[in-house]
Amino acid sequence: MTEGSISGQDAFLDSITKRLGRETPERVERPAWSRSPQKQVLAEEDQESLLQVLISHSANIHTEVLTTTSGEAADVFSHAVDELGGGPVMFSRDERFEECGLSTWMPPSSSKTEVHVWNDKDGEGSMQKARTANIGVSVADMTLADSGTIVLLRNEGRGRAVSLLPENYIAIVPKSSLVPRMTQAARRLRAFSEAGDTFPSCVNFISGPSNSADIELRLVVGVHGPVRVFYIVLGDM
Amino acid sequence: MGIKISNDAFFERVDDGIHNTFMRKAVAEAQDRLEGRKTVLTEEMGDWEEWRLLSEEIRQHTLDNLDYYLKQFAENVAARGGHVHFASTPAEANAYIQQVARDKEAKKIVKAKSMVSEEIGMNEALEELGCTVTESDLGEWILQLDDHDPPSHIVVPALHKNKEQIQQTFTDKRGYTESSEPEQLARFAREQLRDEFFDADIGITGCNFAVAESGSISLVTNEGNARLATTVPKTTIAVMGMERIVPTWEELDVLVTMLCRSAVGQKLTSYVTGLTPTREAEGDGPEDFHVVIIDNGRSNILGTKYQSALQCIRCAACINVCPVYRHVGGHSYGSIYPGPIGAVLTPLLEGYDDHKELPYASSLCAACTDACPVRIPLHELLIEHRKDIVEKEKLGSTVENIIMKGFGFGAGHSMLYRMGGKQVPFVMDQFAEGKNGRGSGPGPVKMWTEIRNLPKSRGESFRKWFKNREKGGGSS
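What counts and how
- Residues numbered from 1 in each chain as written.
- Chains lettered and ligands numbered in written order.
- Predicted model: local features only at pLDDT ≥ 70, side-chain atom pairs only at ≥ 80, totals over all residues.
- Helix = DSSP H or I, 4+ residues; strand = E, 2+ residues; numbered from the N terminus.
- Buried ≥ 20, exposed ≤ 12 C-beta atoms within 10 Å, placed from the backbone.
- Contact = placed C-beta atoms within 7 Å.
- Pairing = 2+ DSSP bridges.
- Nonpolar A, V, L, I, M, F, W, Y, C, P; charged D, E, K, R; others polar.
- pLDDT = per-residue confidence, 0-100.
- Expected span 1.5 Å × (residues − 1).
- UniProt positions renumbered as here; feature names shortened; annotations may be inferred.
- Axes fitted to C-alpha atoms, helices over the stretch in contact; angles between N-to-C directions.

Going by the annotation in an unreviewed UniProt entry, the name recorded for chain B is Iron-sulfur cluster-binding protein, with Alkalicoccus urumqiensis given as the source organism.

If you check an unreviewed UniProt entry, chain A appears there as Lactate utilization protein C from Alkalicoccus urumqiensis.

What follows is the structure, given as structure tokens:
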């Protein structure tokens, strides 16, 4: 990316400052807000009950949750791939797949299914593979129980397109990634931005398949993004 | 398109709306469904008022320090390699966007939904350069194919169309041959638009909230088109109204929660996407990241009694409860921002000349104020507008004349009034449920009976009932 730039700022901000009837503050301390209801949500729940909340809400958002362990993950994953109509399968590049018990699926895969892994060094090629893949797969960085949401951070090798272009999507969800709601994820993102230059270029909060109610307000599941979504939760991870 | 969507006079537009039976039914059903889902989700929270108070506090603090947070945001975007342009007017914004298109020698542009891009007439400006601009939000694409029919709701833009009309549009414009089922129509849009994303030189989106601390923009969506527009093309431009910003991700959490629940009754939409420029080359996502921050009259609202209108997060909760919107529909407001917030905001952004009737398009029932997740006192702002219209602009006479004329005629002819009153029970019962029933009333009654049942009268006029009651003999 090129050098950044800012244009048209001074006159623009001046008119705001004038309207507000004071000088631009040197530094604004974020106030201690008078209340914080978001911090109370599911605050006392342990990982097991957060998992139950996730499972129960996922039914509302047309998402199937399969629970297993890393030891059984390859089998459960194979069944999910079959149910979604087989390959090609596109993985994001993520060392955690091995820890999650999916090493047999990594190339050179022993499976007959066509398998690809995202490669940042070949963006064009990866994009075309994601475009023709039937299933995209990635590992959740955080998982929000309350809204049935997986959070994906665009770090090296974790293509945005993997969870977007294929017709179906599978998220591998380590049980330890479960937090009550968006509040905990927001806190972690704050920590990134306070640490300086390492903010992920894309943070996606994904809650099930794409959908639309633009025609007569009737819900259609599957529009531009994936049509079917599975979460495979690994209880021992 | 600009903010104004019609050159017809207000009462002509209202007349069109009131006589559009399909639209009125669709709007009534949509209001009931959207409002119902919101109520379920907010009651389940148990402490909705706490959330509203917190959201109001966040929005007020941000507006009071807007210059500071915009500066912080712009610095963070630029530090990460992105480009920020501040535009006071639509012309300035469009000139910048046109320049980006020229620099990139762009032919094809794919767009996700953005109200502020409508506000500044961006599509037309890009088309002037010879670019093709494709709307990719399903509702917006339908409207674009249908010869740029204006939106009638800020969240569900094609609400006024039924699926058969949409099927017809797809058939006429794109050779569609399948049924009018929404699933098939949406599938067709997916297939038709997928190539557009891959062919596009530039992707353009709106911005629900910018995050000052990290220089990020966020997009709250369901269909996936905004993600495609910011994943596939090499250049992206986000256009944002200058008030759409939060200090940190912690405030984003709260406001996104309020937006999703209030707009569509979802805990979170399918996609909430935070985008931040990066200097690292990645395999997907934009190489060039532009943000255009637009004033277009907003700064004139700051520091005035109307400042709270800028707290708006564009959820449409006020629209979904408004009894006036229910009957006249979105196009009657003559603005891309309809409903109570539109009636407050449109005259502030564009002046009273073309929009002086809007503050009167309200019964002041305050349902909008109760529904607002960021506690904008909408009905009070409408009263302030009425005061300003009467006191400052001397335009009050027009509206009052219209209201008083109708009442004056009936009330001024007392014989007519009493005689008419006596006939009412007999005449009205002919059209009430159980006799001729729904859909059969004549003239003004027809507009009512077409979309719901007319209650049967009690067989006595209000005057007669009141007289009897005074004597102690009336029915209760």
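A. Expanded view of the overall build of chain A. Helices and strands together make up the secondary structure of chain A, namely six helices and 13 strands. The principal-axis extents of the C-alpha atoms in chain A amount to approximately 70 × 45 × 45 Å. Buried positions account for 47% of the 237 residues belonging to chain A.

B. Geometry of the overall build of chain B. Across its full length, chain B carries 21 helices and ten strands. Taking all 476 residues of chain B together, 53% fall into the buried category. Counting only contacts in chain B whose residues sit at least 6 apart along the sequence, the fraction spanning at least 24 positions is 75%.

C. Spotlight on the environment of A:R30. The residue A:R30 is located in the loop between helix 1 (9-20) and helix 2 (47-60) in this model. A C-alpha to C-alpha distance of 39 Å links A:R30 and A:V65, two positions 35 residues apart in sequence. Setting aside residues no more than four positions away along its own chain, A:R30 makes contact with B:P247 and B:T248.

D. The sheet that holds strand 8 (residues 245-246) of chain B, seen in detail. Ordered in space as 9(A)-6(A)-7(A)-10(A)-9(B)-6(B)-5(B)-8(B), the eight strands form an open sheet in which the pairing is mixed. The sheet is open, and its two edges are formed by strand 9 (178-179) of chain A together with strand 8 of chain B, each paired on a single side. Strand direction decides the pairing type here: strand 7 (residues 149-153) of chain A and strand 10 (residues 202-206) of chain A, joined by four bridges, are antiparallel. Residue pairing across strands places A:L152 opposite A:N204, the latter belonging to strand 10 of chain A.

E. Focus on the interface of chain A and chain B. Contact residues are listed per partner, giving 72 residues for chain A and 84 residues for chain B. Counting residues per element, the ones that place at least two in the side of chain A that touches chain B are strand 1 (5-7), helix 1, helix 5 (123-132), helix 6 (182-195), strand 10 and strand 11 (211-212) of chain A. A per-element tally of the side of chain A that touches chain B places helix 1 of chain A first, with eight residues. Residue composition of the side of chain A that touches chain B, grouped by class: 29 nonpolar, 30 polar and 13 charged. Sheet topology places strand 10 of chain A next to strand 9 (residues 271-275) of chain B; five bridges connect them, and they run antiparallel. From the neighbouring strand, A:N204 faces strand 9 of chain B, where its bridge partner is B:T273.

F. Up close: the confidence of the model for chain B. Residue and element names in this part refer to chain B. Chain-level pLDDT for chain B is 87 on average; 84% of the residues reach the 70-or-more range. Here residues 406-412 is a poorly scored stretch, pLDDT under 50, and it has three contacts once near neighbours within four places are set aside; other chains count. Within the model, pLDDT remains below 50 along residues 433-440, and this stretch shows 15 contacts once partners closer than five positions in the same chain are excluded. In the model output, the complex is listed with pTM 0.88 alongside ipTM 0.97.

G. Structural detail: helix 2 (residues 21-45) of chain B. All names here are of chain B. For helix 2, built from 25 residues, the straight-helix expectation of 36 Å at 1.5 Å per residue is met to within 8% by its first-to-last C-alpha distance of 36 Å. Summarising the contacts, the buried residues of helix 2 are in contact with helix 1 (10-18), helix 3 (48-64), helix 12 (249-264), helix 13 (317-321) and helix 14 (323-328). Once helix 2 finishes, G46 follows within two positions and takes phi at roughly 80 degrees, a positive value.

H. Fine view of the UniProt feature "domain: LUD" (unreviewed entry) in chain B. Here, the residues flagged by UniProt with the feature "domain: LUD" (unreviewed entry) are residues 70-294 of chain B. Between the C-alpha atoms that bound residues 70-294 of chain B there is a distance of 11 Å. The span itself is 42% helix and 21% strand.

I. Region of the structure containing the pairing of strand 10 (residues 288-294) of chain B. All names here are of chain B. Counted residue by residue, strand 10 has six buried out of seven residues, so it is predominantly covered. Looking at chain direction, strand 7 (residues 235-241) and strand 10 are connected through seven bridges and run parallel. Looking at strand 10, one finds that T236 is bridged to F289.

J. Summary view of the environment of B:L349. Residue and element names in this part refer to chain B. In this structure, L349 sits in helix 15 (residues 339-350). Looking at L349, the number of C-beta atoms within 10 Å reads 17, which means it is partly exposed. Residues L349 and C131, 218 residues apart in the sequence, show an inter-C-alpha distance of 28 Å. Residue contacts for L349: discarding those within four places in its chain leaves I3, N296 and G297.

K. A look at the sheet that holds strand 4 (residues 202-205) of chain B. Taken in spatial order, the seven strands line up as 1(A)-1(B)-10(B)-7(B)-4(B)-2(B)-3(B) in an open sheet, and their pairing is parallel. Of all strands in the sheet, those with a lone pairing partner are strand 1 of chain A together with strand 3 (132-135) of chain B, marking the two edges. Strand-to-strand twist across the sheet, computed as the mean angle between neighbouring axes with direction ignored, equals 20 degrees. Strand direction decides the pairing type here: strand 1 (residues 83-87) of chain B and strand 10 of chain B, joined by five bridges, are parallel. Looking at the pairing, B:F86 lines up with B:I293 of strand 10 of chain B. Most of the contacts of helix 5 (residues 90-103) of chain B go to strand 10 of chain B, to which it runs at about 170 degrees, and overall it touches strand 1, strand 4, strand 7 and strand 10 of chain B.

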